[in-house]
Structures are given as structure tokens and as C-alpha cells.
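Here is how the chains run, residue by residue.
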Amino acid sequence: MKLRNCLKRYSNAANGTGNGVSGGIFTLYHFAFIFFKTIRLIPFAKSWRWHEINRSIVQIGFGSLPLISVSTAFAGMVVTQEMAWHMDKALHNTSMIPGLSGQFIFRELGIAIPALLLVSKVGAAMTAEIGSMKLTEQIDALKLLGINPIGYLVFPRYIAGIICGASLTLAAIFVTLLFSMLLTTVRYNFTSLEYLTLLKHFITLKDLICALVKGTVYISVIPIIASSYGLRCEGGAEGVGTATTNAVVSATIAIILLDFILTYLFSMVL
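The rules behind each value
- Residues numbered from 1 in each chain as written.
- Predicted model: local features only at pLDDT ≥ 70, side-chain atom pairs only at ≥ 80, totals over all residues.
- Heavy atoms only, no water.
- Helix = DSSP H or I, 4+ residues; strand = E, 2+ residues; numbered from the N terminus.
- Expected span 1.5 Å × (residues − 1).
- Bend = angle between axes of the 7 residues up to and from the residue.
- Polar contact = N/O pair within 3.5 Å; in protein donor to acceptor, adjacent residues only side chain to side chain.
- Axes fitted to C-alpha atoms, helices over the stretch in contact; angles between N-to-C directions.
- Parallel < 35°, antiparallel > 145°, perpendicular 65-115°, else oblique.
- Left-handed = near helix turned anticlockwise from the far one by under 90°.
- Contact = heavy atoms within 4.5 Å.
- Nonpolar A, V, L, I, M, F, W, Y, C, P; charged D, E, K, R; others polar.
- Patch = residues over 30% accessible without salt bridge, like charges linked within 9 Å, V, L, I, M, F, W, Y side chains within 5 Å.
- Areas by Shrake-Rupley, 256 points an atom, 1.4 Å probe, with all protein chains shown as cover.
- Salt bridge = Lys/Arg side-chain N within 4 Å of Asp/Glu carboxyl O.
- Core = buried A, V, L, I, M, F, W, Y, C linked by side-chain atoms within 4.5 Å.
- Buried < 20%, exposed > 50% of the residue type's maximum accessible area, 1.4 Å probe, protein only.
- Arc of directions from axis to C-beta.
- pLDDT = per-residue confidence, 0-100.

Trainee: Go over helix α7 (residues 149-187) with me, naming the residues and quoting the values.
Mentor: The end-to-end C-alpha separation of α7 is 54 Å, in line with the 57 Å expected for 39 residues at 1.5 Å each. Within α7, the axis deviates most sharply at phenylalanine 155, by approximately 35°, and proline proline 156 lies no more than four positions further along. The residue sitting at the N-terminus of α7 and contributing the capping side-chain oxygen is asparagine 148; that oxygen lies 3.2 Å from the backbone nitrogen of isoleucine 150. A positive backbone phi angle near 60° is found at asparagine 189, which sits one or two residues after α7.

Right, dumping it as C-alpha cells:
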């Protein structure tokens, strides 16, 4: 109760200073508060609401698969074409296209693009949904019934984000590599076997593990940030719009920062 009152007083102070330092500190504090409240529920597997988790998996995973597939397919071809052009101009040799493009796909392209796409598609929807529930006092009704709003709303989305993070990362990498190989074979006269053989010299199991870890972390962050803004939504329809915008911006910045941190750490370890 004391912690809740303290958060409420600090929230009022933060709102009074707009987007100042105190507002940013409170926002980060609330992210951490929601995150730790969420992961504390993981050991209680018997209370997991699998119906809601499955619904969130469909929303996050299957609902986003067409968008991610189309976007990463064209992104893979663009990156492959640019690398081939620069290699041809600088080295007059395009034999390294499969290896270099494959490394970039495994390390960045097939991971960051799906996460950033999900921020605008899934993160915005989560914030708007939870924010609307907050404004219509549905969250207050849950509290009156003795139901933990974080366990009821945030936890299923977080678990779904973890599951979909790994799955969508694998799907994005596969699609991106497939279309990169297609362009390489059509435009630069490689065979599929040559492409895969050269790719194996640059890509190892460690690269795949790093990709899965990074993709899972990026996408699992989205429900935490989106839910945090939704639970603090105020001010009617305009407040929902503001919360949604702030959630998309914050999640995008968080993913970019995490991308730098994890890439730096993995480059030191591996």
C-alpha cells in the first residue's frame, strides 16, 4: 500500500512536469515495476491462463507473420543487392555475397526488423486495449473482484511475447535468407548449393543462438512497455492516443538500445 501511494504521488509530480526528467524517471521506474511484478508470476505455472496466452500468440505471432514475411523478404533482397554492388565496385569480386549477407541477416536484419514492426502493429494495439479498459474502469472492476490486473492482462501477453519472439525470429531469418538466395542465384549466377555451402563457412550455431536470444528479448519487451502505458492511461480518447504514441516511441527506443547492448556483449563473448 505504501509503495502504491508513493507511486501515485510521484506520478502526479511527473505529470506536472510534463516530459521532464522526473517524468522520464517515473516512466522507467514503472517499466521496472511492471516487469518484476510480471516475472514473479512465472513460477506459478498452475495459474497460467493458457486460453489468454494462446489468444495473444495468435495476435502477436500468426497475425504478424504475413507482414514480417513480406517486409523481411524485400529487406533481404535490398541488403544483398547493396552488398553485391559495393563489393563489385570496391573489390571487383562478388564471391563473398552469401557469407556477408548471411551474417548480416543472422546478426541484425532478421532480428531487428520483426521487432520494430511488432512495436507499431502489436504494441500500439495492446496499449489502446488496456488504456480503454483503464478509462472504462474495467481494471478497477478486476481489482474489486480480487483479480491481479498484471497477472490477468500483462502476464499472458509477456509469455506470448517470449514464445513468439523465438518463433518469429526463426521465420524472419528463413524468409530473408530464402529471398537473398533467390536474388543471388538469379542476378549473380550462384547456384543454391553454392550459396548454402558458402553460407556454412560464415554462420555457426552460435550465430543462431544469439539471434534467438536477441529476438526473444526484443519482442518480449513490447508487452511490458505497452501495458505500462495502458495501465497509466488518462484523459479520455485523447489520452489513449497519447499513451499509444508514447508506447510506440518508447518501445522503439528500447529495442534500439537493447540491440546495441546485446550486440556489444555478444561480440565480446563470442
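Trainee: Which residues make up the packing of helix α3 (residues 50-62) against α7, and what are the values?
Mentor: Running from N to C, α3 and α7 point in directions that differ by 45°, and their axes come no closer than 8 Å. What the angle tells us is that α3 and α7 run oblique. Here α3 runs over α7; the crossing is right-handed. Two secondary-structure elements touch here, α3 through Glu52, Ile53, Arg55, Ser56, Ile57, Ile60 and Gly61 and α7 through Pro156, Arg157, Ile159, Ala160, Gly161, Ile163, Cys164 and Leu168. Its residues assigned to classes, the contact of α3 with α7 comprises 9 nonpolar, 3 polar and 3 charged.

Trainee: Give me the lowdown on unusual backbone geometry, citing residues and values where you can.
Mentor: Backbone geometry places glutamate 137, a non-glycine residue, at a positive phi of 65°. You can see glutamate 137 is positioned in the loop between α5 (97-135) and α6 (138-144). For asparagine 189, which is not glycine, the phi dihedral falls at a positive 60°. Topologically, asparagine 189 is positioned in the loop between α7 and α8 (192-200).

Trainee: If you had to explain a nonpolar patch on the surface to someone new, which residues and values would you point to?
Mentor: Taken together, the side chains of Val249, Ile253, Leu257, Phe260, Ile261, Tyr264, Leu265, Met268 and Val269 present a nonpolar region at the surface, about 940 Å² in accessible area. If you trace the backbone, leucine 265 turns up in helix α10 (residues 236-269).

Trainee: Can you explain the environment of alanine 226? Please cite residues and give values.
Mentor: Counting through the fold element by element, alanine 226 comes out in helix α9 (residues 205-231). As a C-alpha pair, alanine 226 and serine 250 span 24 residues in sequence and 8.9 Å in three-dimensional space. When near neighbours in sequence (up to four residues on either side) are disregarded, alanine 226 contacts Gly123, Met126, Thr127 and Ala247.

Trainee: Break down the packing of α7 against α8 for me, with residues and values.
Mentor: The interhelical angle for the contact between α7 and α8, taken along N-to-C directions, is 125°, at an axis separation of 9 Å. Between α7 and α8, the interaxial angle falls into the category oblique. Considering only the axes of α7 and α8, their crossing is right-handed. Contacts between α7 and α8 involve Leu177, Ser180, Met181, Thr184 and Thr185 from the former and Ser192, Tyr195, Leu196 and Leu199 from the latter. By residue class, the composition of the contact of α7 with α8 is 5 nonpolar, 4 polar and no charged.

Trainee: Go over the nonpolar core with me, naming the residues and quoting the values.
Mentor: Judged by nonpolar contacts, the single largest core of 56 residues is most densely connected at Ile60, Leu118, Leu177 and Ile225. For this core, the element with the highest residue contribution is α7, accounting for 13 residues. Core analysis: the next-biggest nonpolar cluster, separate from the first, contains 5 residues, Ala84, Met87, Tyr188 and Phe190 among them.

Trainee: Would you mind going over the side chain of threonine 244 in detail, with residue names and values included?
Mentor: Looking at the element boundaries, threonine 244 is found in helix α10. If we skip the residues at most four places from it in the chain, threonine 244 touches Ala124, Thr127 and Ala128.

Trainee: Go over α3 with me, naming the residues and quoting the values.
Mentor: Of all the residues in α3, the buried ones are Glu52, Ile53, Ser56, Ile57, Ile60 and Gly61. Seen from one end, α3 has its buried residues packed into an arc of 140°, which puts them on one side. Among the exposed residues of α3, those oriented more than 90 degrees off its buried face are His51 and Phe62.

Trainee: Could you give me a rundown of the confidence of the model for the protein, with the residues and numbers involved?
Mentor: Across the protein, the average pLDDT comes to 85, with 91% of residues at 70 or higher. Low pLDDT (under 50) marks residues 7-19, which in the prediction has 15 contacts with non-local residues, meaning those over four places away or in another chain.

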